[in-house]
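# Structural overview for review
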Amino acid sequence: MVTRCSGAVLAGGRSRRMGRDKASMVVGGVTLLQRAVATLQAVCDEVMVVVARDSAPAGLPPDVRIVVDRVPDAGPLGGLEAALAAAIHELVVVVAVDMPDLSDAVLSAQLAMAETHPDLEAITLPRQGFPGGEPLHAVYRRATLPRVTALLASGERRMGATLAGLRVGKLPAETLGRLDPRDVSARNLNTPEERPAP
């Protein structure tokens with residue numbers, strides 16, 4: 001179900017551990033970038049791809065916007081900042097390009113939680129070892145932009161630092177378990193060994 005929200009795929013990483021551009025990796029016959037964009041298009045009426053430089057990735061629908069990081073070499077926090085600055089809606093769904101199992105049902109549940117809890121500034125997924133939840137499979141409010149910008153200006157680059165200063169809600173574990181029983185929606189690929197068959 002398409003909602004009035006902005007969706008952003010963060011695709012500006014250097015992929016050092018993978019050794020190649022993750023966005024163009026083919027999984028299940030389509031690139032990771034195309035998979036992420038299609039999932040966001042199922043839930044958001046605006047979709048952006050955030051890149052590290054002024055480039056136009058191939059194979060994207062014409063209505064997908066290319067957004068360039070405003071702070072060079074700032075990692076995913078820089079991508080988040082660029083997405084929040086460019087978004088036309090208050091709710092911004094942010095995902096990493098290297099998540100091959102993104103679920104529109106899980107993202108829709110996060111959006112629904114954001115809509116029914118206007119006091120929360122971010123909705124994440126529960127993730128072991130991450131007190132604030134998974135920051136790269138989340139819904140953020142555009143109003144958090146000043147905090148993210150200030151963190152970048154201070155030299156901060158950790159996504160967890162952003163969540164530490166926000167009012168964060170995590171999708172209940174029982175909801176996530178029902179929608180994603182294999183718990184793979186936020187799984188990401190970091191090394192060649194983790195890459196599934198094309």
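First, a word on scope: everything that follows refers to the structure included in this document. This is a predicted model, so every value here is computed, not measured.

Moving on, we come to the sheet that holds strand E5 (residues 65-68). Overall, mixed pairing links the seven strands, which are arranged E5-E4-E1-E6-E8-E7-E9 in an open sheet. Two strands bound the open sheet, and with one partner strand each, they are E5 and strand E9 (168-170). Each neighbouring strand pair of the sheet contributes to a mean axis angle of 40°, computed without reference to strand direction. Contacts from helix H3 (residues 104-116) reach strand E1 (3-10), strand E6 (91-96), strand E7 (122-127), strand E8 (130-141) and E9 within the one sheet, and its direction differs from that of E8 by about 85°.

Using the criterion set out here, one finds six salt bridges in the structure. Close ionic contact of Glu 46 with Arg 65 constitutes a salt bridge, the shortest N to O distance being 2.2 Å. Remark: Arg 65 occurs in strand E5 and Glu 46 occurs in strand E4 (residues 44-51); sequence separation between them is 19 residues. Owing to a relative accessible area of 32%, Arg 65 belongs among the partly exposed residues under this scheme. When the shortest N-O distance is used, the salt bridge between Arg 167 and Glu 121 registers 3.9 Å. Pair noted here: Arg 167 is in the loop between helix H5 (159-164) and E9 and Glu 121 is in the loop between H3 and E7, with a separation of 46 residues, a long-range link. For Arg 167, a relative accessible area of 49% corresponds to the partly exposed category.

Here Lys 170 shows up in strand E9. Counting along the chain gives 39 residues from Lys 170 to Pro 131, while the straight-line C-alpha distance between them is 9.9 Å. When residues no more than four places from it in sequence are discounted, the contact partners of Lys 170 are Met 113, Thr 124, Leu 125, Pro 126, Phe 130, Pro 131, Gly 132 and Gly 133.

Definitions and cut-offs
Residues numbered from 1 in each chain as written. Predicted model: local features only at pLDDT ≥ 70, side-chain atom pairs only at ≥ 80, totals over all residues. Heavy atoms only, no water. Pairing = 2+ DSSP bridges. Helix = DSSP H or I, 4+ residues; strand = E, 2+ residues; numbered from the N terminus. Axes fitted to C-alpha atoms, helices over the stretch in contact; angles between N-to-C directions. Contact = heavy atoms within 4.5 Å. Salt bridge = Lys/Arg side-chain N within 4 Å of Asp/Glu carboxyl O. Buried < 20%, exposed > 50% of the residue type's maximum accessible area, 1.4 Å probe, protein only.

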